[in-house]
Amino acid sequence: MQKFGWRSLAVMAVVWAVAPVAQAQVGPPPPSPQQLDDIQSLFRIGVTLGIGGGATITDSYGLDIANDGQDFMNPQRLRERYGARYNDRLPVSGVIDFRGLPIYGFYDTNSSVFRIAIPALDAEGEVYQNRFNGVTRQASYDLFNSYLNDIDSAEAERLVRLLLKSLARYSPIDPLAGNPGSVQSGLVRASLDLSSGDSAIEQDAANSGGTNTAGDPWIMGANYNGGSSNGGRYDFMRIDGRVARSFRLTEGGRALLKFDLPVSYSEVNGARAATAQFGVGVEVPVIARRWSLEPRVGYGITASDQLGSVGNMLSATVASRYVLDGLGRGRLVIGNMVGYTTTLSTGITGYNVNPGLKNWAFRNGLAYDLPLKFRGLGRNTSARVSYALTNYAGDKLYYNTFHEVTLSLGLRGREESARNARDLIRFNMNLIKAGGYTSWSAGLGFRF
């Protein structure tokens, strides 16, 4: 449990798994996840201890770091927590609401068997359950712990895969998939980003009157993101960084080869996660300064021992942008995208815990681009407002739909040449809404 890596992440993702199997119980049932709703934590734990004569003790508490609660059903820990009220003959049941996914465990009266079950691991409703039978309860729990550490076994790998897949469905803050802050949504948003104007058909500012252009040597930016989900149970912050560059495929041509490298550091209730992505696309104008198509491939990876999550994902998308000029002093950009995302094998480490998530993604939106009449810091200015709607189909996710609104204000170069009739510095404000999920962000982007 001390060694960090894919093995320890896999163990951390499941070591809390404690629950009654689907058979007659001997002793009190565990608290339900709904009974723990007043606990505002990543991991909500409830334990019911039978003390004889039908009397019980129910205890509940919350944790925000996954490995702090890795063995709350360990008999040694039960003795430390409950003292003389616990002994190995009494029935004990427990539940952990693992970021939204309920996992249960049970010791029967006068029994050393440790039983676990997870009622709904995937979209098909598969139930995982197992029994560990040692001479004592401690021996049974040690068998369970050894089983989890033996991630080389096909059964243990299957359990980890199912858990990671289920978290995308049951957890609104999973780093890999299922919510607007995940790697999955980052890949999809980057495939059609209407907030910045970095497109081939908005390239020629001198001829088309646009406020943004692409093709500069470098684009760099940073954003701070904050928000909450599920009535404030989950509070999160994220710092995003981005480096991008685009190249003309041919001299004098308008097609752009685009490279994009976003990275992020995030915290959910203090639990840390890191992600990195890479995208490459080719935007080809079909009608000059009017319509373009952009096929794109993206890759993203995330890891968090404190959240109990790990994985990597591939996306393949095709985006369309269409520009309508002459709408007041500005122009309207219509964007549409269809794509496919799939998680990948983690076999490079020797342990394949690929959850097998596969989803179609659809993203549609509008952006209005407007040169402003006033000057700021001695420079011309511009404004851009955009809206995008993202929908998923395929494997079930916690949020299948989210809305995004962005307002950006820009400062152009000092000279009135074609190269400088563009925004070199942009201030961006963003709002994302999905059910009980709300996030906002603010940041700066630079071109040089």
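Refer to the structure above for everything that follows.
A brief structural summary.

What counts, and at which threshold
Residues numbered from 1 in each chain as written. Predicted model: local features only at pLDDT ≥ 70, side-chain atom pairs only at ≥ 80, totals over all residues. Heavy atoms only, no water. Buried < 20%, exposed > 50% of the residue type's maximum accessible area, 1.4 Å probe, protein only. Helix = DSSP H or I, 4+ residues; strand = E, 2+ residues; numbered from the N terminus. Arc of directions from axis to C-beta. Contact = heavy atoms within 4.5 Å. Polar contact = N/O pair within 3.5 Å; in protein donor to acceptor, adjacent residues only side chain to side chain. Phe/Tyr/Trp six-rings, centres within 6.5 Å; stacked < 30°, edge-to-face > 60°. Lys NZ or Arg CZ within 6 Å of the ring centre and 35° of its normal.

Thoughts on helix α2 (residues 75-82)
For step 1, the next point in the chain: Those residues of α2 that sit buried are Pro75, Leu78 and Tyr82. Looking down the long axis of α2, one finds its buried residues gathered within 50° of arc, a one-sided arrangement.
For step 2, the next point in the chain: Check the buried side of α2 and you find it contacts β1 (43-52), β2 (55-63), β3 (92-98), β4 (101-107) and α3 (137-149).
For step 3, the next point in the chain: N-capping of α2 is provided by Asn74, with a side-chain oxygen placed 3.0 Å from the backbone N of Gln76.
For step 4, the next point in the chain: Positive phi appears at Gly83, one or two residues downstream of α2, with a value of about 60°.

A word on the packing of aromatic side chains
Two numbers describe a pair of aromatic rings. These are the distance of the centres and the angle of the planes.
For step 1, the next point in the chain: The full count for this structure, using the stated rule, is 13 aromatic pairs.
For step 2, the next point in the chain: Pairing Phe132 with Phe144 gives two aromatic rings, centres 5.2 Å apart and planes at 65°, and the pair type is edge-to-face. Taken together, the residues span a long stretch of sequence, with Phe132 in strand β6 (residues 128-132) and Phe144 in helix α3 at a distance of 12 residues.
For step 3, the next point in the chain: Grouped by ring-pair contacts, the aromatic residues Tyr107, Phe114, Phe132, Tyr141 and Phe144 constitute a single cluster.
For step 4, the next point in the chain: A cation over a ring is seen here: Arg81 above Tyr61, with NZ or CZ 3.9 Å from the ring centre.
For step 5, the next point in the chain: In this structure, Arg245 packs its charged tip against the face of Trp218, placed 4.8 Å from the ring centre.

Let's talk about the side chain of Gln184
For step 1, the next point in the chain: Inspection of the secondary structure puts Gln184 in helix α5 (residues 183-191).
For step 2, the next point in the chain: Side chain to side chain, Gln184 and Asn359 meet in a polar contact 3.3 Å long.
For step 3, the next point in the chain: Dropping the residues within four chain positions of it, Gln184 is found in contact with Leu176, Ala177, Gly178, Met313, Thr341, Asn359, Tyr392 and Leu397.

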